Amino acid sequence: MPEHQSTQAEVPAQAGVVRAQAAARTGDAAGTKLGMFVGGLIVALVVGFTLGKVLGPAESPTQGATTGAPAASPGMGGVHVHAPQASAGSEVGGLAVSSGGYTLAPAATVFGAPGPQQLKFVVNGADGKPVTDFAVVHDKPLHLVVVRRDMTGYQHLHPTMAADGTWTVQADLATPGPWRAYADFTAISAGGTQTAIALGTDLTVAGDYRPQPLPAAAREAAADGLTAGYEGTPVIGASQPMLFTVKQGGATAKLEPYLGSFGHLVVLRELDLAYVHVHPEPALVNGGVKFWLAAPSPGRYRMFFDYSVGGKVRTAQYTLEVK
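What counts and how
Residues numbered from 1 in each chain as written. Predicted model: local features only at pLDDT ≥ 70, side-chain atom pairs only at ≥ 80, totals over all residues. Heavy atoms only, no water. Helix = DSSP H or I, 4+ residues; strand = E, 2+ residues; numbered from the N terminus. Buried < 20%, exposed > 50% of the residue type's maximum accessible area, 1.4 Å probe, protein only. Contact = heavy atoms within 4.5 Å. Pairing = 2+ DSSP bridges. pLDDT = per-residue confidence, 0-100. Phe/Tyr/Trp six-rings, centres within 6.5 Å; stacked < 30°, edge-to-face > 60°.

Participant: What exactly am I supposed to notice about the overall build of the protein here?
Facilitator: When helices and strands are tallied, the protein shows two helices and 21 strands. Looking at the protein as a whole, 42% of its 323 residues are labelled buried. Intrachain contacts of the protein at a sequence separation of at least 6 include 67% that bridge at least 24 residues.

Participant: How do you make sense of the pairing of strand β10 (residues 177–188) when you look at a structure like this?
Facilitator: Taken residue by residue, a regular strand's side chains alternate between the two faces of the sheet. Most of β10 is tucked away: 11 of the 12 residues are buried. Inspection of the sheet shows strand β6 (residues 142–148) paired to β10 by seven bridges, in the antiparallel sense. For H143, the partnering residue across the bridge sits in β10 and is D184. As judged from the 12 bridges shared by β10 and strand β11 (residues 194–205), these two strands associate in the antiparallel manner. Within the sheet, the bridge partner assigned to G177 lies in β11 and is V205.

Participant: Sorry if this is basic, but what is going on with the side chain of N124 here?
Facilitator: Structurally, N124 can be placed in strand β5 (residues 115–124). Here N124 falls in the buried class, since its relative accessible area comes to 16%. Non-local contacts of N124, meaning those with residues more than four positions away in its chain, are made with G101, Y102, T103, A105, K129, P130 and V131.

Participant: Which parts of the structure should I look at to understand the pairing of β5?
Facilitator: Judged by how many residues are buried, β5 sits mostly within the fold: seven of 10 residues are covered. Alignment of strand β3 (residues 102–106) against β5, held across four bridges, turns out to be antiparallel. Each bridged residue has a counterpart across the sheet, and for A105 the counterpart in β5 is V122. Across seven bridges, the pairing between β5 and strand β9 (residues 167–173) is antiparallel. Opposite Q118, over in β9, you have Q170 as the bridge partner.

Participant: Sorry if this is basic, but what is going on with the environment of A163 here?
Facilitator: By the secondary structure assignment, A163 is in the loop between β8 (160–161) and β9. Judged by relative accessible area, A163 falls into the exposed class, the value being 80%. Spatially, the C-alpha atom of A163 lies 7.5 Å from that of T132, the residues being 31 residues apart in sequence.

Participant: Any chance you could explain the confidence of the model for the protein here in plain terms?
Facilitator: The predicted coordinates ought not to be read in detail in places where the model reports low pLDDT. On average, the protein scores 81 in pLDDT, and the residues at 70 or more come to 72%. Taken together, the stretch residues 1–62 has pLDDT below 50 and engages in 32 contacts with residues farther than four places along the chain or on a different chain.

Participant: Sorry if this is basic, but what is going on with unusual backbone geometry here?
Facilitator: Negative phi values dominate among residues other than glycine, just as trans dominates among peptide bonds. The backbone of D224 shows a phi angle near 55°, a positive value even though the residue is not glycine. Its location among the elements puts D224 in the loop between β12 (220–223) and β13 (226–231). One non-glycine residue with positive phi stands out, namely L273, at about 55°. The residue L273 is located in the loop between β16 (264–269) and β17 (275–278) in this model.

Participant: Sorry, what's going on with the packing of aromatic side chains here?
Facilitator: A complete count under the given rule lists 13 aromatic pairs for this structure. Judged by centre distance (5.5 Å) and plane angle (90°), the ring pair of F244 and F291 falls under edge-to-face. Highlighted residues: F244 in strand β14 (residues 240–248) and F291 in strand β19 (residues 289–293), separated in sequence by 47 residues. Side by side, F244 and F291 carry an identical accessibility label, which is buried. Taken together, a centroid distance of 6.1 Å and an interplanar angle of 90° make the contact between F291 and F305 edge-to-face. Note that F291 is positioned in strand β19 and F305 in strand β20 (residues 299–309), a separation of 14 residues in sequence. You can call F305 buried: its relative accessible area is 0%. One aromatic cluster in this structure is built from Y230, F244, F291, F305, Y307 and Y318.

Here it is, written out as structure tokens:
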């Protein structure tokens, strides 16, 4: 619940107290009783509201003991801490090259042939100058996600930044056609304010583009003898828990910290490729990674779950249908 709603609860509470005091001064017994009743009711509501903020939403059947939260790591510009339930994704990003006073400026967006490509870009601030102060989120100051328009070829990359604010990374644009790149970062202003944002840009690889159909919806994805599945059903506009668990030989696999967390989830919407990077809770829940997700609209989505087992990072991919 947004913080500003607490001030809205305080206003009627104060008004109830004023009314009760006015009634007492005039000796109006009925007014006094009414004021006391209203004041008591408001106090009860405010207490309930406060407890709700402290306790958070009710747990789903996925709740369980939590263990082994990865330690926070220091880095560029300071560490940004996410409240997982607050980053639930009812708002999407990555649809614009410029938003919130920040602009993504790629050095090149058209490539003559498929294959490895060096991507270079800067993030300009409202003053038109490259931003160089970023908070560290999941061990990195900036995450770059690259995917083809048909949602194949997914890559989660981590560019390096030069002193002048230029970011550089190698991406594998292995097939022709339109691609999309998302810069996911948290910038720090001169006053210390942190702004989390995702900007997007189109990339084009020359050649014959043959889009692949979206796979059918499924709750499990298998690779290298591991099966990653999830529980939970997203709904429109309300955060719901999603628990991702990895199985190996019928037993729950031991997940290892990767980029400061036990897992990462990127969600892309079909057609416009709207972007949602959902952050997990810091500790495992019954051996799985718990995220909070709110679907921004009906439709089909592609989910990409990054996790590490046995020192190797893998990505489980799912098609999700929201009605």
